Amino acid sequence: MTRRCAALVLAALLLSLTGTVQSAQAAGYRYWSFWDRSGDGWTYATQGPSTARPADGDVQGFRFAVSADSQDASQPRGAASFATICAKTPARDGTKRVALAIDFGTTADAPSGETPPSPRTACARVSPDATTAEALASVAKPLRYDTNALLCAIAGYPETGCGEQVSGQASEQASGAEEPTSAGKPEKDGGPSVGLYAGVAAVAVLGAAALWQARRRGSRRDG
């Protein structure tokens, strides 16, 4: 029974490490994420820009980046307040003002051969029933959509591509999530870090020791 328990522990530890490797190498997607400003922070929008209808005074943001899902999506950078963005756009009857923060991402996020423009803000004055997409189109043309109405480009960026899948290696490089090595520098090959390999080796040694002790105890009982 002791040998069996030791083997099960070893298998569980190895399975856990295998899951870590798979997670680290998971693919991401390069796309424009859509955000609502709530207080001093951003919240991932629950609607798409083509259906969301912001109210006068709302602040919304867009960020181009590589991410696997909404849980690890990069938020728009910089301060974003309605009072600042729309300071020079006075209220007008029959319209609403929507403050927009547009972050084109980093060079690491960019498709090959493209350079992201600097982040910008804009105050869109639109009709009271306008959607966020209409507000965005009024201040950041040209917009580009795919056949499924997915927002692909803002102000013409990027020139090509739309929500394409990015390999695990490229996803980690874009997000800056590389595991540090013992020298304090990030891994560049996209594979498991040195620390992870060391962990696997340590688990193997501990598992072997546990099995050896189990056999030793069994031999003593037999003797």
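Heads up: the structure comes first, above all this text.
Here the focus is the overall build of the chain. Secondary structure assignment for the chain yields five helices and eight strands. Taken from N to C terminus, the helices and strands of the chain fall in the order α-β-β-β-α-β-β-α-β-β-β-α-α. Out of the 223 residues belonging to the chain, those deemed buried represent 35%. Contacts in the chain between residues at least 24 apart in sequence constitute 64% of all its contacts with a sequence separation of at least 6. As displayed, the chain offers around 12700 Å² of accessible surface, 53% of which is attributable to carbon and sulfur atoms.

Scanning all chains against the criterion turns up two disulfides. Each sulfur of the disulfide joining Cys86 and Cys123 lies 2.0 Å from the other. Here the S-S torsion is close to 100°, and the disulfide linking Cys86 with Cys123 is therefore right-handed. In this pair, Cys86 sits in the loop between helix H2 (82-85) and strand E4 (96-103) while Cys123 sits in strand E5 (residues 120-126), placing the two residues 37 residues apart along the sequence.

You can see Ser33 is positioned in strand E1 (residues 28-38). Look at Ser33 and you get buried, because its relative accessible area is 3%. Dropping the residues within four chain positions of it, Ser33 is found in contact with Tyr44, Gly61, Phe62, Arg63 and Ser74.

Counting across every chain of the model gives five salt bridges. Here Asp109 and Arg63 are joined by a salt bridge, their closest N and O atoms 3.5 Å apart. You can see Asp109 sitting in the loop between E4 and E5 and its partner Arg63 sitting in strand E3 (residues 59-67), a full 46 residues away along the chain. By relative accessible area, Arg63 is classed as buried at 6%. Beyond isolated ion pairs, a larger network of salt bridges with shared partners links Arg63, Arg77, Asp103 and Asp109.

Rules of the game
Residues numbered from 1 in each chain as written. Predicted model: local features only at pLDDT ≥ 70, side-chain atom pairs only at ≥ 80, totals over all residues. Heavy atoms only, no water. Helix = DSSP H or I, 4+ residues; strand = E, 2+ residues; numbered from the N terminus. Buried < 20%, exposed > 50% of the residue type's maximum accessible area, 1.4 Å probe, protein only. Contact = heavy atoms within 4.5 Å. Areas by Shrake-Rupley, 256 points an atom, 1.4 Å probe, with all protein chains shown as cover. Disulfide = S-S within 2.5 Å. Salt bridge = Lys/Arg side-chain N within 4 Å of Asp/Glu carboxyl O.

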